[in-house]
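Residue strings, one per chain:
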Amino acid sequence: MSKPKSDVTPNTWEFLRDPMITPTGFREYDARWKYPDEINLPGMTALGLGIGTQMRKHGLDPVIAVGNDYRDYSLAIKQALVIGLVQAGIRVKDIGPCITPMAYFSQFHLDAPAVAMVTASHNPNGWTGVKMGFQRPLTHGPDEMSELRDIVLEGRGEPAPGGSYETVDGVFGAYMDDLVGDFKMTRKLKVVCATGNGTASAFAPALFERLGVEVVESHNRLDYTFPNYNPNPEAMEMLHDMADSVKASGADFALGFDGDGDRCGVVDDEGEEIFADKMGVIMARDLAKLYPGSTFVADVKSTGLFASDPELQKYDIKADYWKTGHSHMKRRVHALGALAGFEKSGHYFLAGDIGRGYDDGMRVAVEICKLMDRNPDMKMSDLRKALPKTWSTPTMSPYCADTEKYAVLDRLVEKLVAKADAGDMFAGQPIKEVVTVNGARVILEDGSWGLVRASSNTPNLVVVCESSNSEAEMRAIFEEIDAVIKTEPLVGDYDQKI
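Residues numbered from 1 in each chain as written. Predicted model: local features only at pLDDT ≥ 70, side-chain atom pairs only at ≥ 80, totals over all residues. Heavy atoms only, no water.

### Regarding helix H5 (residues 142-153)
Thinking step 1. With twelve residues, H5 should reach 16 Å at 1.5 Å per residue; the first-to-last C-alpha distance of 16 Å fits that figure.
Thinking step 2. Turning to H5, its buried residues are Met145, Glu147, Leu148, Ile151 and Val152. The buried residues of H5 occupy one face: seen down the axis, they fall within an arc of 160°.
Thinking step 3. Following H5 by one or two positions, Gly155 has its phi on the positive side, about 70°. (Helix = DSSP H or I, 4+ residues; strand = E, 2+ residues; numbered from the N terminus. Expected span 1.5 Å × (residues − 1). Buried < 20%, exposed > 50% of the residue type's maximum accessible area, 1.4 Å probe, protein only. Arc of directions from axis to C-beta.)

### Thoughts on the environment of Arg453
Thinking step 1. Among the secondary structure elements, Arg453 is positioned in strand S20 (residues 449-454).
Thinking step 2. The contact partners of Arg453, leaving out residues within four places of it in the chain, are Val300, Lys301, Thr324, Leu409, Asn438, Gly439, Leu461 and Val462.
Thinking step 3. Engagement of the side chain of Arg453 in a polar contact is seen with the side chain of Asn438, the distance being 3.0 Å. (Contact = heavy atoms within 4.5 Å. Polar contact = N/O pair within 3.5 Å; in protein donor to acceptor, adjacent residues only side chain to side chain.)

### Some thoughts on the side chain of Thr128
Thinking step 1. Counting through the fold element by element, Thr128 comes out in strand S5 (residues 127-133).
Thinking step 2. By relative accessible area, Thr128 is classed as buried at 1%.
Thinking step 3. Setting aside anything within four residues of it in sequence, one finds Thr128 in contact with Ala31, Arg32, Trp33, Tyr35, Ile39, Met44, Tyr73, Ile77, Val118, Thr119 and Ala120.

### Side note on the UniProt feature "domain: Alpha-D-phosphohexomutase alpha/beta/alpha" (unreviewed entry) in the chain
Thinking step 1. Mapped onto this structure's residue numbering, the UniProt feature "domain: Alpha-D-phosphohexomutase alpha/beta/alpha" (unreviewed entry) falls at residues 25-153, 174-271 and 277-389.
Thinking step 2. Annotation note: span residues 25-153, helix share 41%, strand share 22%, distance between end C-alpha atoms 11 Å.
Thinking step 3. The span residues 174-271 is 30% helix and 20% strand, and its two end C-alpha atoms sit 34 Å from each other. (UniProt positions renumbered as here; feature names shortened; annotations may be inferred.)

### Description of the packing of aromatic side chains
Thinking step 1. The full count for this structure, using the stated rule, is 13 aromatic pairs.
Thinking step 2. Centroid distance Tyr35 to Tyr73: 5.7 Å. Interplanar angle 40°. Geometry classified as tilted. Highlighted residues: Tyr35 in the loop between strand S1 (31-34) and helix H2 (41-57) and Tyr73 in the loop between strand S2 (63-68) and helix H3 (74-87), separated in sequence by 38 residues.
Thinking step 3. Their ring planes at 40° and their centres at 6.1 Å tell us that Phe108 and Tyr358 sit as a pair that is tilted. Here Phe108, found in helix H4 (residues 100-109), pairs with Tyr358, found in the loop between strand S15 (348-350) and helix H13 (361-374); they are 250 residues apart in sequence, far enough to count as distant.
Thinking step 4. Judged by its relative accessible area of 7%, Tyr358 falls in the buried class.
Thinking step 5. Put simply, the rings of Phe105, Phe172, Tyr175 and Phe203 touch in pairs and so form one group of aromatic residues.
Thinking step 6. Across the ring face of Phe275, the terminal group of Lys344 is positioned such that the distance to the ring centre comes to 5.6 Å.
Thinking step 7. The ring centre of Phe183 lies 5.3 Å from the NZ or CZ of Lys370, which sits over that ring. (Phe/Tyr/Trp six-rings, centres within 6.5 Å; stacked < 30°, edge-to-face > 60°. Lys NZ or Arg CZ within 6 Å of the ring centre and 35° of its normal.)

### Let's talk about the packing of H4 against helix H6 (residues 171-180)
The relative placement of two packed helices comes down to the angle between their axes together with the axis-to-axis distance.
Thinking step 1. One can describe the packing of H4 onto H6 by two numbers: an axis separation of 10 Å at closest approach and a directional angle of 95°. It follows that H4 is roughly perpendicular to H6 by the angle criterion. Contact with H4, carried on its side by Pro101, Met102, Phe105, Ser106 and His109, involves Val171, Phe172, Ala174, Tyr175 and Asp178 of H6 and no other residues of that element.
Thinking step 2. Its residues placed into classes, the contact of H4 with H6 shows seven nonpolar, two polar and one charged. (Axes fitted to C-alpha atoms, helices over the stretch in contact; angles between N-to-C directions. Parallel < 35°, antiparallel > 145°, perpendicular 65-115°, else oblique. Nonpolar A, V, L, I, M, F, W, Y, C, P; charged D, E, K, R; others polar.)

### Quick word on the layout of surface pockets
Leftover empty space is mapped by rolling, across the atoms, a probe with the size of a water molecule.
Thinking step 1. For the second largest pocket, the calculated volume is near 270 Å³.
Thinking step 2. Of the residues contributing to the lining of the second largest pocket, the split by class is four nonpolar, four polar and five charged. (1 Å grid on protein atoms, 1.4 Å probe; cavity = no way out; pocket = protein on both sides within 12 Å on 5 of 7 lines; lining within 4 Å. Points joined across faces, edges and corners; volume = space filled by probe spheres on them.)

### Points about the UniProt feature "domain: Alpha-D-phosphohexomutase C-terminal" (unreviewed entry) in the chain
Thinking step 1. UniProt marks residues 431-483 with the feature "domain: Alpha-D-phosphohexomutase C-terminal" (unreviewed entry), using the numbering shown here.
Thinking step 2. Helix makes up 25% of residues 431-483 and strand 43%, and the two end C-alpha atoms of the span are 16 Å apart.

### Section: the packing of H2 against H3
Thinking step 1. Remark: H2 packs on H3, axes separated minimally by 6 Å, with the N-to-C direction vectors making an angle of 40°. As the angle between them shows, H2 and H3 are arranged oblique. Classified by chirality, the crossing of H3 by H2 is right-handed. Facing H2, whose interface residues are Leu41, Met44, Thr45, Leu47, Gly48, Leu49, Ile51 and Gly52, H3 presents Ala76, Ile77, Ala80, Leu81, Ile83, Gly84, Leu85 and Gln87.
Thinking step 2. Residue classes in the contact of H2 with H3 are distributed as eleven nonpolar, five polar and no charged. (Left-handed = near helix turned anticlockwise from the far one by under 90°.)

### Topic: the nonpolar core
Thinking step 1. Among the nonpolar cores identified, the biggest contains 71 residues, and Phe208, Leu255, Phe257 and Met362 are the most heavily contacted of them.
Thinking step 2. Look past the residues within four positions of Met362 in its chain and what remains in contact with it is Ile99, Tyr175, Leu179, Ala200, Phe203, Ala204, Leu207, Phe257 and Gly261.
Thinking step 3. Counting residues in each nonpolar core, the second largest holds 32 residues, with Ala31, Trp33, Ala88 and Leu148 among its members. (Core = buried A, V, L, I, M, F, W, Y, C linked by side-chain atoms within 4.5 Å.)

### Regarding the sheet that holds S15
Thinking step 1. With mixed pairing, four strands are arranged side by side in an open sheet as S13-S12-S14-S15. Since the sheet does not close on itself, it has two edges, and those belong to strand S13 (318-322) and S15, each with one partner. Between one strand axis and the next, the sheet turns by 15° as a mean value, whatever way the strands run.
Thinking step 2. Where strand S14 (residues 340-342) lies against S15, three bridges are found, and the strand directions are antiparallel. (Pairing = 2+ DSSP bridges.)

### A word on the sheet that holds strand S19 (residues 440-444)
Thinking step 1. Here we have six strands laid out as an open sheet, ordered S16-S21-S20-S19-S18-S17, and antiparallel in their pairing. The outermost strands of the open sheet, each flanked by one partner alone, are strand S16 (391-392) and strand S17 (425-426).
Thinking step 2. As defined by bridge partners, strand S18 (residues 429-435) adjoins S19 across four bridges and the pair is classed as antiparallel. Across the sheet, residue Val434 finds its bridge partner in S19, namely Val442.
Thinking step 3. Sheet contacts for helix H15 (residues 405-421): S17, S18, S19, S20 and strand S21 (461-467); angle to S20, the most-contacted strand, approximately 155°.

### Regarding empty space enclosed by the protein
Thinking step 1. On inspection of all chains with the given rule, the structure shows two cavities of 30 Å³ or more.
Thinking step 2. Taken as a whole, the largest cavity encloses approximately 100 Å³ of empty space.
Thinking step 3. What lines the largest cavity is a set of 15 residues, among which Pro233, Cys264, Gly265, Phe275 and Ala276 lie closest to the centre.
Thinking step 4. If you list the elements that add at least two residues to the lining of the largest cavity, you get strand S10 (264-268) and strand S11 (273-274).
Thinking step 5. When residues in the lining of the largest cavity are grouped by element, the largest group, three residues, is from S10.
Thinking step 6. In terms of residue class, the lining of the largest cavity is made up of eight nonpolar, three polar and four charged.

Here's what the structure looks like:
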């Protein structure tokens, strides 16, 4: 195959004929482009040929499950991808439109070694991409993504005989059976189901009804123009809308799902948002009683309570802090045999007896309903208030160019580790340790912490701080981190600051 071009002018003969792919679309753990500005349909076919070539290189049985999210252009994108996969000699099993976790499930259900899900995730319309994996329940990480990028951009995709295409029915029903089984709620629950007109609209209301939960609908009609807001449960617009629905309906809580259904956001009965890391601690407390001695993985942006919460310590729970990113977290949960992983963005990775290890907003919804069933006298706000109080900053992102940010971060990590080695005080406390798996998370004696890392997706660093004592200490930790960041002239202004 010829090398794809990085720029082809739309509305030309070449645009319909020649593959065009901008290299920046190959991210750390999935692929994402603006369509048709950064990739065209022949480019997507080249990507399919590249994925198929990579499958053969890894010695996989040449079978792949393929699905697409609910956007007006996703079917065309998927069909272009499928042409490339078939060219590479791959037998394609098309499960149709679906949420990402249903595509992950289909790997198990169909015994397919590979999956490719056409989705822009929670990105607004105009974006497309692919989440892919070869080793269930895992998805591509940085090594696999850079290998795929080189195959595609260097034109090393290899056609092979034996490719075929078939549509597969019945996966939706099997997925719903797998999620719920014969479980039924024993307490009455009224839940706002917020899907922002996205793909999860076809799943979440039906799931709640099957559980025996009363549904308060919130934008549950499929509409790929997203007439109300872009479905992203980290966005304040969606969270405020969820809170308004809770207050208007008297619901027990609200659950919101992103555009491809692999993330879940929570608003309690008082209209208070519970960030996914704190919701993770609530779930971990409940699961610790059922599975004492378990390991929980949290991403480095998450609360320190996984390590410091006395309730978790009572049950000999081990906390492991790991790299941010759904692919990194899935791998870590799998490698450690952890019961669950929690990421501040709303990806939950439930494994062992409670899941298959991949991120699934629907699975999280089921487990939250089961948690409430096991705690019939508790409201969601009671569970939130029972957590130890901490003071956290929002995620703050100072500018740092993509070409510079990793080198800058390396120097910042070095400086922060040197402070710890020298026994320096930090915000008036000794430094207990510096975790360097993903940037530097400076942990103080009382469990308070400050983090600096590089953003995987944008030209920024990322800074988050949390104190278990006071807002003043949280601010002092930020000032310490910021003072080190200011020693690097290539770092620019913050998007927001406390």
